[in-house]
Structure formats: C-alpha cells, structure tokens
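# Coordinate inspection notes
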Amino acid sequence: MIRSFIGDLGHFFTILAFIGAFFSFFSYFKATVANDLGLKKDWRLNGRGFFFIHVVGVMGVVISLFTIIYNHYFEYHYAWSHSSTRLPTHYMISSFWEGQEGSFLLWMFWHSILGMVLIFTNKFWESSIMTIFTLVQAFLASMILGVIIPGLELKIGSSPFILLREVIDAPIFKQDPDFVPQDGTGLNPLLQNYWMVIHPPTLFLGFATTVIPFAYCIAGLWLKKYRDWVRPALPWALFSGAVLGLGILMGGYWAYETLNFGGYWNWDPVENAVYVPWLILIASIHTMITFKKSSTALKISVILVIATFILILYSTFLVRSGVLGNSSVHSFTDLGLSGQLLLYLLAFLVLSIILAAIRWKELPTTEKEVSTYSREFWILIGAITLCLMGFQVLVPTSIPVYNSIVESFGGISNVAPPVDQVEYYSKFQLWFAVAVALLSGTGQFFWWKKMDKKQLLSDLTGPVILTLILSAIIILIYDVGDPALIVLLLAGTYTVVANAKILINVLKTSPKLSGGAITHIGVGLMLIGVLFSSGYSKVVSLNNTGMLISRELDEEFNRENLLLFINEPKTMNNYDLKYKGERLEPTGRSGLVKKDEITRIDEFTAVADNDIFFEGKKLFQAQDTFPIHAENVYYEIELTSQSSGKKYNLYPRIQDNPTMGSAASPAIKRDLSRDLYAHVVSRLSHEEVEWSEPREFKISPKENFFVNDYVAQVEGLERISKVQGVDLAQEDVAIRGFVKILGEEKEYEAQPIFLIKNGLVGRIPDEVNDLGLSVSLMNIYPEENKFTVGVSTRQKDWIILKAIEKPLINILWLGTLVLMFGFGVAVVRRYQEFKKMREKGAE
C-alpha cells in the first residue's frame, strides 16, 4: 500500500516554504524602500509574518522527510535510495542529508534558525538584511520544489517526496503499481561513521552563516550606510569562519578515521571548493578588523565579503551540477538542477557587481599612504596572501568548468586536472602557508597607524632567537632534512612563539583582546603538525621476508605491505604482530564477536554458541540471539611491543555493500608522539575459496586423528530434535557430533550434523573459520562404536596489511582546538562591542 499522505503533506510544506520566503522577500523589500514610517512598520510586520510561515514550512518538510526515512516508507525514492531497515537511528539521521534534496533542506533549516535570530536581535537592520536573506532562502527553497510549469514543461527543483515508481522504470511497477520494496539500498558504507552525523550539519551551518555578512554588506551599499554595516557583520563573519573551519576540520578527521589514503586532506575538488571560500572569509575578517581602525580597507572588505558568498554558491554549483564528473569521489550526480544552480549563482553575482559598481566611488577611503610600519599594511598583505592562496587552488579545481564551457560552444578542450593532486597543490600551498605564518607572527607586534623601528626590532629579537633555538632542537631530534620543510618548521614555530609573547602581554592588561593571538598560535601548531604527520610519515609494514606477495603486483606494493596468515607471527617495526581472524559487529553493543563463536541464522542475525567476551567484558550468554552489522567485517591484529611486552589490538575494517562495493577503513593506535595507522589492503575472499575433496577418517570416540597438522578427536554424539532451517518429523533422525581440534592459539569445536529425513541421508558440515577446515559427519556405525568424519580444507585466512607511522599528528589536532578557542574568544568580544552600540541606539 502506498502511504501517499505523508508525501503529499511534505510537498505541501515545500510549496508553503517557498511561498513564505518569496512573499517575505517582497514585504521586506517594500519595508526597506518605503518612505512613510507607518508603511515601513506594516511591511516589516508582513515580512516577519511570511518568514514565520516559511519557517513552519521548512520544519514541516524536515519532519515529513524524516518520518518517511524513520518509518521505512520505501515507496519513496529518497528513503529507498539512502536508508534501510538495518540502520540505527543516528545513521538514519545521516541518511537524511546524504542526498542532494536532504542537504539543501539542511541548509534551509539552518537559514530558518539564523533568520529568526536576526529578526529578534537587530531591529535597526532587519528590513534590509532580511530582504537579501529571504531572497537567498527563496532560491534554496526552489531547489526542492519539484514542480513542473504547465505549458513550458520546465521543472523547478527536485522533490524528496517523489515515489519510487515515478523514478524507476521497472517491470514490477507495471504489474503492481502499489509495489513497495521490503528494504532500501542503504547508506553509503563510508558515511556510516559518527563524524557523518555531526560533520554535515556543522559544515552547512558554516555555509548558512556566510549569507549574513553578505546581507549586511549589500544592505550597507543599498542604504548608503557604507561604514555602519561592518560592526554588526564582523561578529557573524567570525562566527562563520569558526563554524565553517570547524566543519572542514571535522571532514578532515572523518577522512583520517574512515578513508584509507593515509591522511586527512587529499586536495579533492570538493574539499577545495569549501577550502577556498573559507580562506577568502578569513581574509575578509582581517580587512574588516582593519577598517575599524582605518578607512583604507573598506573597499577590499566589500569585495571579499561578496566574494566569500559567491564562492559558496560556486562551490555548490561545482559539487551538485555534475560538472566535476569523475574528478571527485565526493560530488553529487546531476539531478537536472545544473541550470537552476547556475542561475542562482549568476543572479547574486551580477546583482552584487552592479550594486558595488554603482556605489564604488561613494565608498569612503583615505588618500593618506599606509605606512609599511603599520598594522594596516601587514594585515592587507596577509589578506592578499590568503586570496592568492585561494586563487591558486581555485584555478585548477575549476578546469572541469572551463572544459564544459568550451564544449558548450562546440569546442574541444583536453585540459586535465592535476594527476597527483596532493603533490601539485602542496608544493604551492606550503610557501603560501610559510608567508601566512610569518605575517601572523610579525603583524601582531605592529601598532595601528605607525610603529617605531627600534621598538619593533626590540620586540622581534626575543621571539626570533627563541624560534631558532627551538627549531634547531626539533631538527636534531626528528632529523628534519628537507629545506622546504625546515622553512615551514621555522615559520610555524615563529608563529607560536611570537603570538605566545603577545598573548602573555595581552592577558596581563586586557584578556578580551587575546582571540587573535590564540587563533594564530593554533595556526602555527597546525602547520607543525601537518609538517611532521604528512612530510615525515613513513610506511612501517615493510616486507622483509624476501618473498613477493604476488608477481602480478608492482615492486612498491610488494615492498610496503605485509601478508599475514592467521595466527602466524610476523615482525613490523618495533612490534611483533599476529593476525587473529575476522570479527563481526553486533548491532547496539560496543564490542566485536569472533565468527567461530556464533551460528548465523541469516545475514543479519546470529546465535551465540558459548558465552561471548570482548576485552574482558561479557557481551552475550550462550544461545543469545542478536542482530549484527552484516556489512562490517573487522580484522583483529595483535601487536606486542618488543621493548615493553605490552599487547595492543587493532581492528581495521572492511565494509561490504552489494550496491556500493567494498570500502576499507583504518584502525589507529594513538600515542602521545605518533599514530600507527593500519588498514587492510586485501583479504581472502570466502566466496571464491576452493575447498579440497573431503578426506575421511573412520575413528572411535576420543581417538586422535590429524587434519592439516592439527590434532583432533570426536568427543561424542548427541541426538537433537531441532535443526535450523529443517522441519523434522517424528521418524526423522538428526545427530550432532562434537569434534575437538587443537589449533595454534586455542581449542576449537566443530559441530557437524548427520541427518536422516524421509529415508534420505543428509550432512550439514561445520566450518572452523580460523583453521580453514570444514568438518562433516559422514556416517555412523553403531555396531562398531565408530563413525566416519570427513574433513575438507582450504587456504588459511590471510590479509594484506599496510601500516603507516604518523609522528606528532596530535600537534595538528591540538592546533585545531586552540584555533577554535581563539575564534570563540574573538566572537564574544566583537559581539559584546556590537551589543553595546546597539544598546546606545547606534546599531
């Protein structure tokens, strides 16, 4: 049965949200241009009312869509495409924004919240900024409308409430139009990570907040309040920089924990598309701060604030239009929205350029030349550096766009993006990072307007000497030899030392002013962390056996990976290691279970053969039935330190999804000074394994026999009345055998079944996964007190492991925390300044 009501309700709320946003825009526009105070108030109240209607619409869409996902209404294409019955609630939340429509809706949700905050916190600017804000929101709402204009056959947006039968042309829907699948295709395995529950909302909150400084800027140009818009916009710009930066860092940490390329930043086009607007946003923050002390930076502030928002729209176009094609693993496929996205981008770009051009000559500036010994000069140099840093990334990232433009005019373009993205971007970004670090360390010592040269030299002498001493010690301890990395180390250390001196002085006099110094210390720590964790990471899983893993694989693969057979010891770096076997993950329990400890009822359910323990904690009692994550297979690696004898366990994972393929995720052993990062490169495929012909042993109870060099014996037999998957009649017979096998690490028990049903003999073997044995009870001879046991063998379980050591990576993570704390201090300070001015009636 098709549950159409919830979809119709969701579609109604979508239309309501769009209409509310559009009429709110119109009302706020009229309130802004009206000359009569009474009319201004009436139109403003209308604008508020329509915006509240819009908010109700957005919340209704959110609730409707989540209801569909949570209740597994797979007749809807969105639920079927992004969720399944097996997903826990937190991953159902992730599936909400996995698709294009859901991510647009998340963006709209944050805009709704932010719009309410703006309405109730800034009456002075309400009409003008909400005009821009609601126009943006109307464009966003149009992205999920999913309506077709009659006559023109023009589709506007893509609705998340489309039925599956309307999208997929399958024969089943012709036979039964009301057919509803039992399950969905599920969430992408790589997104089944706790970071994907919090990273996208944080990132989209960052996206959403960039419209607020933009709205203040456009409102200031519109109303000719050229100076006044900066003060209320600055706290929002700082907040936006912090949140967007946090979202980017969360994405990096997700990549580090989940992907297997061995790092946290891969210069993927989608990563770049968010990184560039953030750089420009940070540049705009610095120029806005400069303008508060000098008029020189107003024009560049206008340009950068507008550019930040336009680049957010451009990144949206890049990611969602399909233009990136195969150049990014993160981009969405085109849902037919590319034209609409382009219109969205061009509309705001053209309107912004026209307004800025009209007002350009009226913008206040100063004719006085900025001194090179002033903070204004060095902040402007820093802003220019950040812009160049972003431009260097933007140009090659936009190559697919350039190719599309050329091809759309009938030309042929073969320009290709960089093959080795990491090497290409890093060799340029390293030197920009050095410049930023030196500027952020030195610029803090300048006073506004102009500083005495002797005083500057005196202030810089101590930090420079301390930087050289600390850097020399680090270079000697960690054997830093690459000249470029030595320069980066000096720059990063200098930033930390110089800003630490500033911080100490500021804390003595005015702690509220410490945000900039703290933030810059975070930047310096991050640069040092990136230097060592990327520049001096090393592969430690070196194959020193003298044996090739495979002649079909290249020399690098054979050299940098270890082939581990189950329970066979190997040496790696300063560890003895042993592969202990496959582990499965119970649903809703923290821990893993061994395959040999359970009997699978079906793909997603298992029964405990014995009491199951994980790292000393009891998970299940014998005969407990519990659900498992069938997609997740973990591989236990036991590490033993050769120096201390201490043991550690790593559990790298491979996720298998029938429709999305396999995805390997690393396990990380974290120490204070370094991480050991290991992932499974390849493993034995149980689907393709070849079993030998069974070897038969006619034996008595307790009699030893040998299988694959393991000692085994039959402990006894037991008649049973139930066999899983078999209906036993009263005259049928089922006998379970208990075969004990002594492995390298422990004693295993196989429980094969001998079955006589309807006069026919059947045998149900039992596999001992760790040993590569399949044991069958072939026959029973009661008169001789003997029985025949058949044993088939296969290749023992194996994995190929790659492990990388990443020194001092915790300095990177520490730097991110310090950076965010500094942003927080700065946001609070700037908001308090704005609040004081608002209370005085100046805002």
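On a predicted model such as this, the values are computed, not experimentally measured, just so you know.

### What to know about the pairing of strand S22 (residues 747–750)
Every second residue of S22 is oriented toward a common face, the buried set being Tyr748 and Ala750 and the non-buried set Glu747 and Glu749. Here strand S21 (residues 733–742) runs beside S22; their pairing, made up of 4 bridges, is antiparallel. By the bridge assignment for S22, valine 739 is matched with alanine 750.

### Re the side chain of glutamine 137
Summarising the element assignment, glutamine 137 is placed in helix H6 (residues 126–142). Non-local contacts of glutamine 137, meaning those with residues more than four positions away in its chain, are made with Ala21, His54, Met108, His111 and Ser112.

### Let's talk about the packing of aromatic side chains
One pass over the structure, following the stated rule, counts 47 aromatic pairs. Residues tryptophan 236 and phenylalanine 239 carry aromatic rings whose centres are separated by 6.0 Å and whose planes lie at 85 degrees to one another, so their mutual orientation is edge-to-face. Of the two residues, tryptophan 236 and phenylalanine 239 are both situated in helix H11 (residues 230–258); the distance of 3 residues between them amounts to about one turn of the helix. Since its relative accessible area comes to 28%, phenylalanine 239 is described here as partly exposed. Sitting above the plane of the phenylalanine 104 ring, arginine 320 keeps its charged end 4.4 Å from the centroid. Stacked on the ring of tyrosine 781, the Lys or Arg lysine 698 has its end atom at 4.3 Å from the ring centre.

### Some words on the domain arrangement of the protein
Annotation of the protein at the domain level lists domain 1 (1–192), domain 2 (210–417), domain 3 (567–617 + 628–686) and domain 4 (695–794). Taking only C-alpha atoms, the centre of domain 2 and the centre of domain 4 are 69 Å apart.

### A look at the pattern of salt bridges
One pass over the full model with this rule turns up 30 salt bridges. Between glutamate 560 and lysine 802 there is a salt bridge; the shortest N-O distance is 3.4 Å. Separated by 242 residues along the polypeptide, glutamate 560 in helix H21 (residues 555–560) and lysine 802 in strand S28 (residues 798–807) bring together distant segments of the chain. Residues glutamate 560 and lysine 802 agree in their burial class; the two are buried. Taken together, the shared-partner salt bridges connect Glu555, Arg559, Glu560 and Lys802 into one network.

### Observations concerning the packing of helix H1 (residues 4–33) against helix H2 (residues 37–70)
At a minimum axis separation of 7 Å, H1 and H2 run at an interaxial angle of 160 degrees. It follows from the interaxial angle that H1 and H2 lie roughly antiparallel. H1 and H2 meet at a crossing whose hand is left-handed. Classifying every residue of the contact of H1 with H2 gives 18 nonpolar, 14 polar and 4 charged.

### Concerning the nonpolar core
In terms of nonpolar packing, the biggest core is built from 162 residues, with Tyr216, Trp229, Leu244, Ile285 and Phe348 touching the most fellow members. Summarising the domain contributions, this core has at least three residues from each of domain 1 (1–192) and domain 2 (210–417). Formed by 36 residues, the second largest nonpolar core is a distinct cluster that contains Ile598, Ala608, Leu619 and Ala803.

### A short note on the environment of leucine 279
By the secondary structure assignment, leucine 279 is in helix H12 (residues 269–291). Sequence separation between leucine 279 and glycine 245 is 34 residues; the distance between their C-alpha atoms is 9.4 Å. Among residues more than four places away in sequence, those in contact with leucine 279 are Leu386, Met389 and Gly390.

### Remarks on the state of the cysteines
Counted under the stated rule, the structure contains 0 disulfides. Cysteine 387 takes part in no disulfide bond, and the closest cysteine sulfur, belonging to cysteine 217, lies 14 Å away.

### Remarks on the sheet that holds strand S27 (residues 786–793)
Across the sheet, which stays open at both edges, the 4 strands sit in the order S18-S27-S26-S25 with antiparallel pairing between neighbours. The open sheet has two free edges, formed respectively by strand S18 (695–699) and strand S25 (766–768), since each of these has just one partner strand. Taking the axes of each pair of neighbouring strands and ignoring which way they run, one obtains an average angle of 30 degrees across the sheet. By the bridge criterion, 8 bridges tie strand S26 (residues 773–781) to S27 in an arrangement that is antiparallel.

### A short note on the pairing of strand S13 (residues 647–650)
As paired strands, strand S12 (residues 625–641) and S13 are joined by 4 bridges and run antiparallel to one another. When the sheet's bridge partners are listed, glutamate 638 is paired in S13 with asparagine 649. Hairpin connection from S12 to S13: 5 residues lie between these consecutive antiparallel strands, with glycine 645 at a positive phi of about 80 degrees.

### What to know about unusual backbone geometry
Look at histidine 72: it is not a glycine, yet its phi comes out positive at around 60 degrees. Among the secondary structure elements, histidine 72 is positioned in the loop between H2 and helix H3 (77–82). Within the chain, aspartate 709 stands out as a residue other than glycine whose phi angle is a positive 70 degrees. Mapped onto the elements of the fold, aspartate 709 is located in the loop between strand S19 (704–707) and strand S20 (710–719).

### Remarks on the side chain of threonine 788
Mapped onto the fold, threonine 788 is located in strand S27. Judged by relative accessible area, threonine 788 falls into the buried class, the value being 5%. In this structure the side chain of threonine 788 is engaged in a polar contact, spanning 3.4 Å, whose partner is the side chain of tyrosine 781. Here threonine 788 is in contact with Glu696, Phe697, Lys698, Ser776, Leu777, Met778, Asn779 and Tyr781, once residues within four sequence places are set aside.

### Some points on a nonpolar patch on the surface
A grouping of Ile465, Leu466, Ile469, Leu470, Ile473 and Ile477 is seen on the molecular surface, where their side chains present a nonpolar patch of about 530 Å² in accessible area. Tracing the backbone shows isoleucine 465 in helix H18 (residues 453–478). In this structure isoleucine 465 comes out as partly exposed when scored by relative accessible area, which is 46%.

### Overview of the environment of proline 189
Assignment of secondary structure puts proline 189 in the loop between helix H8 (171–175) and helix H9 (195–209). Separated by 476 residues in the primary sequence, proline 189 and serine 665 have C-alpha atoms spaced 9.9 Å apart.

Definitions and limits used
Residues numbered from 1 in each chain as written. Predicted model: local features only at pLDDT ≥ 70, side-chain atom pairs only at ≥ 80, totals over all residues. Heavy atoms only, no water. Buried < 20%, exposed > 50% of the residue type's maximum accessible area, 1.4 Å probe, protein only. Helix = DSSP H or I, 4+ residues; strand = E, 2+ residues; numbered from the N terminus. Pairing = 2+ DSSP bridges. Contact = heavy atoms within 4.5 Å. Phe/Tyr/Trp six-rings, centres within 6.5 Å; stacked < 30°, edge-to-face > 60°. Lys NZ or Arg CZ within 6 Å of the ring centre and 35° of its normal. Domains from an automatic or database assignment. Salt bridge = Lys/Arg side-chain N within 4 Å of Asp/Glu carboxyl O. Axes fitted to C-alpha atoms, helices over the stretch in contact; angles between N-to-C directions. Parallel < 35°, antiparallel > 145°, perpendicular 65-115°, else oblique. Left-handed = near helix turned anticlockwise from the far one by under 90°. Nonpolar A, V, L, I, M, F, W, Y, C, P; charged D, E, K, R; others polar. Core = buried A, V, L, I, M, F, W, Y, C linked by side-chain atoms within 4.5 Å. Disulfide = S-S within 2.5 Å. Polar contact = N/O pair within 3.5 Å; in protein donor to acceptor, adjacent residues only side chain to side chain. Patch = residues over 30% accessible without salt bridge, like charges linked within 9 Å, V, L, I, M, F, W, Y side chains within 5 Å. Areas by Shrake-Rupley, 256 points an atom, 1.4 Å probe, with all protein chains shown as cover.

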